[in-house]
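The chain contents come next:
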Amino acid sequence: MTQKPWEHAKSSGSEGDPLAARFVSSLDYDKRLYKHDIAGSVAHARMLRHVDLITDDDLAAIERGLKEIESEIDEQGDAWPGWKVELEDVHMCIEAALIEKAGDSGRKLHTGRSRNDQVATDIKMWIWSAINETGGMYSRIETLHRAFIGLAERDGLIVMPSYTHLQRAQPIIVGGEILAWCEALAYCRERFVTCSTFHEEYALGSGAIAGSSLPLDRFHYHEALSVGPPLMNSIFATAELDHHNDFVFALTMTSHWLSRWAEQWIIY
């Protein structure tokens, strides 16, 4: 079994155990990050060339190899032979495949980079993409709002019972009930907007935790990835999970309010 990337830190190393390798492997779920990992790797390679840490030939070989890998995964998906459990994750699988294609030029891609800042950036890019995919939700919510308001204008003064603990409680009007859902869904929409604008910074260039002694240009990624500025503190950048949690919370609360809406229809 291929030696783990972190094995060199041990005094004598260790033989890989197939069961342990399957247990710690994240390929089952992180292979979906391959396009973001490749995009981040291209941006990193271009930054390395910008600061003269690699040559034009190196950059060309890296970009050509990564493009080939992306095409192969697009076509073969889970059957791509580069998915190897012993390499643990999408990042190491792509890097190993690149080295097979580009040799020493592929090895140079890891210059000034760690899986710590790489993973943090890839996941954030995936979340940005996922939020953009829900972009149509904004217009659908606006359409629903207009329909709700039209219904409230037409039938809003009709008196109806409200419920608490599944028992009839105070009398309310239809307009009050309808506009409650307008407000709830507006909150859901704003959570996604906040999540997409508040977490624009990226971690690339932070290294494992404390940056790098190499002359990296962390601002060079900005244009290549169309993202915000780098996170200023590398210790925070490699540890920050706020955007994961904020995105999951936004999804959870949207599901929560849709569930409550469904329950109201059942009750009424």
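Now for a quick tour of the structure. A quick note: this is a predicted structure, and the numbers were derived from the prediction, not measured. (Residues numbered from 1 in each chain as written. Predicted model: local features only at pLDDT ≥ 70, side-chain atom pairs only at ≥ 80, totals over all residues. Heavy atoms only, no water.)

### Side note on the packing of aromatic side chains
- As enumerated under the stated definition, the model contains 6 aromatic pairs in all.
- Both rings, one in Tyr-202 and one in Tyr-221, keep their centres 5.8 Å apart while their planes meet at 80°; by these two values the pair is edge-to-face. Of this pair, Tyr-202 sits in the loop between α9 (174-198) and α10 (221-225) while Tyr-221 sits in helix α10; the two residues are 19 residues apart in sequence, bridging distant segments of the chain. Across the pair, Tyr-221 and Tyr-202 agree in class, each one buried. (Phe/Tyr/Trp six-rings, centres within 6.5 Å; stacked < 30°, edge-to-face > 60°. Helix = DSSP H or I, 4+ residues; strand = E, 2+ residues; numbered from the N terminus. Buried < 20%, exposed > 50% of the residue type's maximum accessible area, 1.4 Å probe, protein only.)

### Comments concerning the pattern of salt bridges
- If you walk through the whole model with that rule in mind, you get 17 salt bridges.
- Note that Arg-154 is salt-bridged to Asp-155, the shortest N-O span being 2.8 Å.
- Overall, Asp-155 belongs to the partly exposed group, its relative accessible area being 22%.
- Members of the salt-bridge network, linked through shared partners, are Lys-35, Glu-70 and Asp-74. (Salt bridge = Lys/Arg side-chain N within 4 Å of Asp/Glu carboxyl O.)

### Observations concerning the nonpolar core
- Judged by nonpolar contacts, the single largest core of 36 residues is most densely connected at Ile-69 and Trp-83.
- Those elements that place two or more of their residues in this core are α3 (34-50), α4 (56-76), α5 (90-102), α7 (115-133) and α10.
- Discounting residues that sit within four places of it in the chain, Ile-69 has contacts with Ile-38, Trp-80, Ile-94, Ala-97, Leu-98 and Lys-101.
- If you look at the next biggest cluster of nonpolar residues, it comprises 18 residues, including Ile-131, Phe-148, Leu-185 and Ala-250. (Core = buried A, V, L, I, M, F, W, Y, C linked by side-chain atoms within 4.5 Å. Contact = heavy atoms within 4.5 Å.)

### Thoughts on the side chain of Lys-124
- On the secondary structure map, Lys-124 appears in helix α7.
- Other than its neighbours up to four places away in sequence, Lys-124 contacts His-199, Glu-201, Leu-231, Glu-240 and His-243.

### What about α3?
- For α3, spanning 17 residues, the distance from its first C-alpha to its last is 24 Å, which sits close to the expected 24 Å at 1.5 Å a residue.
- Burial within α3 is extensive, with 12 of its 17 residues counted as buried.
- Where α3 is concerned, the buried positions are Tyr-34, His-36, Asp-37, Ile-38, Gly-40, Ser-41, Val-42, Ala-43, His-44, Ala-45, Met-47 and Leu-48.
- Of the surrounding elements, those touching the buried residues of α3 are α2 (27-30), α4, α5, α7 and α10.
- A positive phi of about 65° marks Asp-52, the residue just after α3. (Expected span 1.5 Å × (residues − 1).)

### Regarding a nonpolar patch on the surface
- Together, Leu-157, Val-159 and Ile-173 make up a nonpolar patch on the protein surface, roughly 330 Å² of accessible area in all.
- Summarising the element assignment, Val-159 is placed in strand β1 (residues 159-164).
- Taking relative accessible area as the criterion, Val-159 reaches 62% and is therefore assigned exposed. (Patch = residues over 30% accessible without salt bridge, like charges linked within 9 Å, V, L, I, M, F, W, Y side chains within 5 Å. Areas by Shrake-Rupley, 256 points an atom, 1.4 Å probe, with all protein chains shown as cover.)

Just geometry here; none of it tells us what the structure is for.
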